[in-house]
Protein chains: 2
Amino acid sequence: MQISSRFTIGIHVFACMEIFGNDHKITSDFLAASINVNPVIIRKILSQLKNAGLIEVARGTGGTKAARPIEEITFYDVYLAVDLLEEGELFHFHENPNPACPVGKNIHTALDDKLLRIQGAMENEMKKYTIADVVKDIKKRL
Amino acid sequence: MQISSRFTIGIHVFACMEIFGNDHKITSDFLAASINVNPVIIRKILSQLKNAGLIEVARGTGGTKAARPIEEITFYDVYLAVDLLEEGELFHFHENPNPACPVGKNIHTALDDKLLRIQGAMENEMKKYTIADVVKDIKKRL
DNA sequence: AGAAATGTAATCATTGACATTACATCTTGA
DNA sequence: TCAAGATGTAATGTCAATGATTACATTTCT
């Protein structure tokens, strides 16, 4: 299964805020036009980013901006905010291995540390990239 | 989104083959009893593992065994076999960013290298663990 | 031939993603 | 103060994937 497009949309949102923030008010309609998804989807994602403390959204008047310098917002921050995993676990374990079977009884504990390490490797790599890196790459291409 | 339980089931299958292979014929019904899922699901996963060249399945007579020494079968092999990703990409990119927007036009190329590195970090960690490691851990607990 | 398996198609329930409509609520400016 | 422009969010709908289940054709060995 793939990681939801909410993640790349979240990055896209920050890139727009940084690149257009001085000239435009960054509304959900504005973002929806650049990202090309429904504005309600954007508002849902903005809500998740806001709950994670990554952005500030102005009610009534409208518009949104980053709550911290974009050098300090990593891919992992965005991932955590928008792609909430059940109990934070990347791997979906089969639910009811047979406890009467020597393998079924022990498979979970035998696997857990390894699965955590794999998940950790991905998350650590995610922490290496910030919104600022993406914005820099986009500006290089303008 | 989580990685499908087919992955942990696939590992479980190998563990059963190794631990019970001398005493039992490893049929889909036998595996289904230990894993506690429907035998047809098991047969589907066995079919994927077979197509990947990881196991051999006996038609008619029944039973399955690893096609290679389990020291040489990594988590990544199993993952690739059972959790086929669309074009092999872990991240689902939003499909149609606006090409008339400077950000929309460039977001994909600005992100791709970083997303590949993140996916690569996960896959590399997966390559570090083999079925033999799991079997060893299970035997330790018996 | 018959028993025991695998291979696979068909159907179903459930879940999550994303789209869309609708409307309540908030804020500010005229 | 009220109308315009936004956000917040509930309700519905479509689509795809997972996993359960039934059914049956096919294969192999005895």
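Here the structure is a predicted model, which means the values were calculated and not measured.

## With respect to helix H6 (residues 131-140) of chain B
Turning to H6 of chain B, its buried residues number three or more, namely Ile 131, Ala 132, Val 134, Val 135, Asp 137 and Ile 138 of chain B. In this structure, the buried side of H6 of chain B is in contact with helix H5 (102-126) of chain A together with helix H1 (6-20) and helix H4 (75-82) of chain B.

## Description of the interface of chain A and chain B
Each partner contributes to the interface: chain A provides 56 residues, whereas chain B provides 56 residues. With both sides pooled, the region where chain A packs onto chain B buries about 5100 Å², and carbon together with sulfur makes up 69% of that total. In this structure, the connection of chain A to chain B is made through two salt bridges. The residue Asp 137 of chain A makes a salt bridge to Lys 114 of chain B at a minimum N-O spacing of 2.7 Å. Counting only elements with at least two residues in the side of chain A that touches chain B, the list comes to helix H1 (6-20), helix H2 (28-35), H5 and helix H6 (131-140) of chain A. When residues of the side of chain A that touches chain B are assigned to their parent elements, the largest contribution, 17 residues, is made by H5 of chain A. Classifying every residue of the side of chain A that touches chain B by side-chain character gives 32 nonpolar, 14 polar and ten charged.

## Focus on the protein's contact with DNA strand C
For DNA strand C, the set of nearby residues contains 24 residues, the closest of which are Ser 5, Asn 38, Ile 41 and Gly 60 of chain A together with Ser 28 of chain B. Residue Arg 6 of chain A places a side-chain N or O atom 3.2 Å away from a phosphate oxygen belonging to DNA strand C. In this structure, a sugar or linking oxygen belonging to DNA strand C sits 3.3 Å away from a main-chain N or O atom of Gly 60 of chain B. Broken down by class, the residue content of the surface near DNA strand C amounts to seven nonpolar, eleven polar and six charged.

## Remarks on the relation of the copies chain A and chain B
With an RMSD of 0.1 Å, the fit of chain A onto chain B corresponds to turning through 180 degrees and sliding 0.0 Å along the axis. One copy is carried onto the other by what is essentially a two-fold rotation axis. When C-alpha positions in chain A are compared against the rotation axis, the closest is assigned to Met 122 of chain A, at 2.4 Å. A symmetric contact is evident, with 100% of the interface residues of chain A recurring at the interface of chain B.

## Some remarks on the packing of aromatic side chains
Counted by the stated rule, this structure contains twelve aromatic pairs over all chains. Ring geometry for Phe 7 of chain B against Tyr 79 of chain B: centres 6.3 Å apart, planes inclined by 85 degrees, an arrangement best described as edge-to-face. Highlighted residues: Phe 7 of chain B in helix H1 and Tyr 79 of chain B in helix H4, separated in sequence by 72 residues. Here the two residues Phe 7 of chain B and Tyr 79 of chain B agree in accessibility, since each one is buried. One aromatic cluster is present, formed by Phe 7, Phe 75, Tyr 76, Tyr 79 and Tyr 129 of chain A together with Phe 91 of chain B through successive ring pairs.

## So, the environment of Ile 131 of chain A
Residues and elements named next belong to chain A. With respect to the secondary-structure elements, Ile 131 resides in helix H6. Look at Ile 131 and you get buried, because its relative accessible area is 1%. Between the alpha carbons of Ile 131 and Ala 66 there is a distance of 10 Å; along the sequence they are 65 residues apart. Once residues lying within four places of it in the same chain are set aside, the contact partners of Ile 131 are Ile 11, Phe 14, Ile 70, Ile 73 and Val 78.

## Notes on the side chain of Thr 130 of chain A
For Thr 130 of chain A, the location among the structural elements is in the loop between H5 and H6. Excluding anything up to four places from it in sequence, Thr 130 of chain A contacts Ile 70, Glu 71, Ile 73, Thr 74 and Phe 75 of chain A.

## Re the protein's contact with DNA strand D
Neighbouring DNA strand D are 23 residues, the closest being Ser 28 and Gly 60 of chain A together with Ser 5, Asn 38 and Gly 60 of chain B. Close to the protein, within 4 Å, the atoms of DNA strand D are drawn from sugar and phosphate at a rate of 62%. Interatomic distance of 3.5 Å between a side-chain N/O atom of Asn 38 of chain B and a phosphate oxygen of DNA strand D. Residue Arg 59 of chain B places a side-chain N or O atom 3.1 Å away from a base oxygen belonging to DNA strand D. A breakdown of the residues in the surface near DNA strand D according to their chemical character gives six nonpolar, eleven polar and six charged.

## So, the state of the cysteines
Scanning all chains against the criterion turns up zero disulfides over all chains. The closest cysteine sulfur to the non-disulfide-bonded Cys 16 of chain A is located on Cys 101 of chain B, 5.0 Å from its own sulfur. Owing to a relative accessible area of 0%, Cys 16 of chain A belongs among the buried residues under this scheme.

## Observations concerning the pattern of salt bridges
Counted according to the given criterion, the structure contains twelve salt bridges over all chains. Of the charged contacts in the structure, one is a salt bridge between Lys 65 of chain A and Glu 56 of chain A, with a shortest N-O distance of 2.9 Å. For Glu 56 of chain A, a relative accessible area of 41% translates into the label partly exposed. Salt bridges here are not isolated pairs; linked through shared partners, they connect Asp 113 and Lys 114 of chain A together with Asp 137 and Lys 140 of chain B.

Procedures and definitions
- Residues numbered from 1 in each chain as written.
- Chains lettered and ligands numbered in written order.
- Predicted model: local features only at pLDDT ≥ 70, side-chain atom pairs only at ≥ 80, totals over all residues.
- Heavy atoms only, no water.
- Buried < 20%, exposed > 50% of the residue type's maximum accessible area, 1.4 Å probe, protein only.
- Helix = DSSP H or I, 4+ residues; strand = E, 2+ residues; numbered from the N terminus.
- Contact = heavy atoms within 4.5 Å.
- Buried area = accessible area lost by both parts, 1.4 Å probe.
- Salt bridge = Lys/Arg side-chain N within 4 Å of Asp/Glu carboxyl O.
- Nonpolar A, V, L, I, M, F, W, Y, C, P; charged D, E, K, R; others polar.
- Near = heavy atom within 4 Å.
- Polar contact = N/O pair within 3.5 Å; in protein donor to acceptor, adjacent residues only side chain to side chain.
- Least-squares fit on C-alpha atoms with pLDDT ≥ 70 in both.
- Phe/Tyr/Trp six-rings, centres within 6.5 Å; stacked < 30°, edge-to-face > 60°.
- Disulfide = S-S within 2.5 Å.

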